[in-house]
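Each chain, written out:
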Amino acid sequence: MFRSLHRKLVLVLVLLIVSVMTVVGTFLINSVTSYHIQEFRSQMYSVFTGEFILTLEGNAAHLDNGAELRDMIEAYSAPLGIDAYRRFYVLDGHTGAYLAGSDDSYGSDMELTPNILTAMNGTVGQEVELLGNYFDVAIPIRDTDGSVRFVVGVLDDKTELKELNWNLFTILIRAMLFGLVVAIFLSFLLSKTITDPVERLTEQASRIAGGDFSQSAEIESNDEIGVLGQTFNDMSRQLETTLLQEEEERNKLDTLFRHMADGMLAFDSAGRLMQSNPAVEALLGKRLTAESTYQELFPDVQVQQEDLAQDGRSIEVDFAANQRFLKIYFAPIRLEADKQGLMAVLHDVTEQQKLDDSRREFVANVSHELRTPLTNVRGYAETLMSADDIDRETQVRFLSVISSEADRMTRIVKDLLTLTRLDYNRMEMKMEPMDLLAIGKKAVQAMEMEAKNRGLTLITRLPDALPGTVGDAERIQQVVVNILTNAIKYNKPDGSITVTGGSKGGRVFLRVEDTGIGVPKEDLPRLFERFYRVDKARSRESGGTGLGLAIARQIAETHGGSITFDSKYGKGSVVTLWLPAAEGGARHD
Ligand code: ADP
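Analysis parameters
Residues numbered from 1 in each chain as written. Predicted model: local features only at pLDDT ≥ 70, side-chain atom pairs only at ≥ 80, totals over all residues. Heavy atoms only, no water. Near = heavy atom within 4 Å. Polar contact = N/O pair within 3.5 Å; in protein donor to acceptor, adjacent residues only side chain to side chain. Areas by Shrake-Rupley, 256 points an atom, 1.4 Å probe, with all protein chains shown as cover. 1 Å grid on protein atoms, 1.4 Å probe; cavity = no way out; pocket = protein on both sides within 12 Å on 5 of 7 lines; lining within 4 Å. Sits in = over half its atoms within 2 Å of the grid points. Helix = DSSP H or I, 4+ residues; strand = E, 2+ residues; numbered from the N terminus. Salt bridge = Lys/Arg side-chain N within 4 Å of Asp/Glu carboxyl O. Buried < 20%, exposed > 50% of the residue type's maximum accessible area, 1.4 Å probe, protein only. Points joined across faces, edges and corners; volume = space filled by probe spheres on them. Domains from an automatic or database assignment. Nonpolar A, V, L, I, M, F, W, Y, C, P; charged D, E, K, R; others polar.

Asks: Just checking my understanding: could you explain the site of the ligand for this structure?
Replies: Inspection of the region around the ligand gives 22 residues, with Asn-486, Tyr-490, Ser-539, Thr-545 and Leu-549 positioned closest. Between an oxygen atom of the ligand and a side-chain N or O atom of Asn-486, the distance comes to 2.8 Å. Contact between the ligand and Ser-573: a nitrogen atom at 3.3 Å from a side-chain N or O atom of the residue. Coverage of the ligand by the protein amounts to 98% of the 530 Å² it exposes when considered alone. Cavity membership is defined here by more than half of the atoms lying within 2 Å of grid points; on that basis the ligand lies in the largest pocket. For the shell around the ligand, the secondary-structure elements that each account for two or more residues are helix H15 (473-489) and helix H17 (548-558). No other element matches the four residues that H15 contributes to the shell around the ligand.

Asks: Looking at this structure, how should I read the pattern of salt bridges?
Replies: Any two side chains of opposite charge can pair, so long as their charged atoms come close to each other. Applying the stated criterion across every chain yields a total of 23 salt bridges. Measuring nitrogen to oxygen at the nearest pair gives 2.6 Å for the salt bridge that ties Arg-324 to Asp-348. With Arg-324 in strand S8 (residues 324-334) and Asp-348 in strand S9 (residues 340-348), this residue pair connects regions lying 24 residues apart in the sequence. What makes Arg-324 partly exposed here is its relative accessible area of 30%. The shortest N-O distance in the salt bridge between Asp-356 and Arg-359 comes to 4.0 Å. Pair noted here: Asp-356 and Arg-359 are both in helix H12 (residues 350-386), with a separation of three residues, about one helical turn. Overlapping salt bridges bring together Glu-316, Asp-318 and Lys-327 as one network.

Asks: What am I meant to see in the layout of surface pockets here?
Replies: Approximately 980 Å³ is the volume attributed to the largest pocket. Element by element, the count of residues in the lining of the largest pocket is highest for H15, at ten residues. Summarising the domain contributions, the lining of the largest pocket has at least three residues from each of domain 3 (353-423) and domain 4 (432-588). In this structure, the second largest pocket encloses a volume near 620 Å³. Along its surface, the second largest pocket is lined by 18 residues, and Ser-358, Arg-359, Phe-362, Asp-423 and Arg-530 are the ones closest to its centre. Element by element, the count of residues in the lining of the second largest pocket is highest for H12, at six residues. Taken together, the residues that form the lining of the second largest pocket break down as six nonpolar, four polar and eight charged. Among the domains, domain 3 (353-423) and domain 4 (432-588) are the pair contributing at least three residues each to the lining of the second largest pocket.

Printed below as a string of structure tokens:
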């Protein structure tokens, strides 16, 4: 089948051959014609010399007709090249009538050519027209009085030349046909050498378009096509690398998009949902479908297109949904066909909000906690200052209240400082191998008296040994003492406290169980919050600041451990301190 390139090649070669042959043919035929005319002229000049013309004129005076002249010229037939197509003639110099010639049959319709007319006027007629139907020469033969008596001439009707030219023409046509056959054959060869690699490149390009980069185009030559193939292969490799990088980037972005904690939504210009990530459903607490719209998801949030249009900035909106506080940033996105969509980024600020709330609550709590003792101190101090007749006993009572309130404030401030240091990791911890068992025993010892004073039974059921642990023994003891103090403070009359210990799953623990008042279930999650107290009056009465458990948990966590609090309201509580066992788990007795 003729492919386009092949067709073009054939066309170019055919045009080339035809034009070359036409030029060559025209040139050849012209040259042959010129040569022929030249030859005719030189033959004429060689015979009709001035001398010969004078001889003819000398004889002409005595002649009545042209027969003698014809005989004289006939003697030169051979050098004049007279034949069937080239004739000579003798005409009457006045009338131009045919008198004699080489072929009399021709004489009757003898035409007076421009050269004959020139000769009849007395000049040699030797003009030859290249494209005329004949070429001739006519010579006037004068009488003695100078008038033109005869005109002798030779006329060639070009038949010979035409035949020669025709032969040449047919040779050229044959050569051209042969040339065309060769051209078609060559064009096949040429196009094959060009189109085959191009075809291979095309196939390769289609494979690449289909995403198959596994093969590369074969390079068979160093010519332009070879270079093209090489460049194509380089380009394909480059493209593959770029596509891979692009895909990697896209995957990264996709993973980021899917797993980012912030929700992302994109709406088209009509407010229809175009794209969203999984975080959105979790944040809004709604299932998204392909039919979800902006109106449906954010019915109360009116975002004005004009606001967004201004320098493409984003708008920040507070939004509460699904028990969460969200900040939504709306920004315009450019879609195709000059349309503008809307992009929404949902940022969960619930934790931040909670933190802010707890910070505010904390400040309020601190103020409140300090205000009560301060009011008391001020009240008693003012009373002491204003009254003159206060007896010594009342004075001492008042002053002791002032002193105990000052103590209370000192405790609060001390606890707060401890917490701040723990918060900012500024509490110095002497981390060394320690024995939780020994710490437990020491704490129990310290609290035994207190328990006894309150009529409580303190039972120790500690094991013989516990795996070793690492930490600041003094701080840990402070934690255990705090837990024991609470167990005593929030116990019932005649109640008991049991201290046990053990190890489990790479951790060691000390457990304090009491038979006290317990904690209502709903209060359990908040026990470790700063200043949180179930029974405020009881806590304050017993000198509690509401910071003990918060500090204890912070210290435990700084050691990589934790504190768990279990309780049955009205029955008692179980508080457990967990610490990680030291590497190797050395046992201490
Ligand atoms: P406080 O200084 O008030 O004791 P804590 O932080 O030590 O502060 O304890 C917080 C609150 O937890 C206490 O006010 C109390 O209501 C409750 N609590 C702590 N331990 C116990 C316990 N063993 N039994 C009952 N309630 C307890």
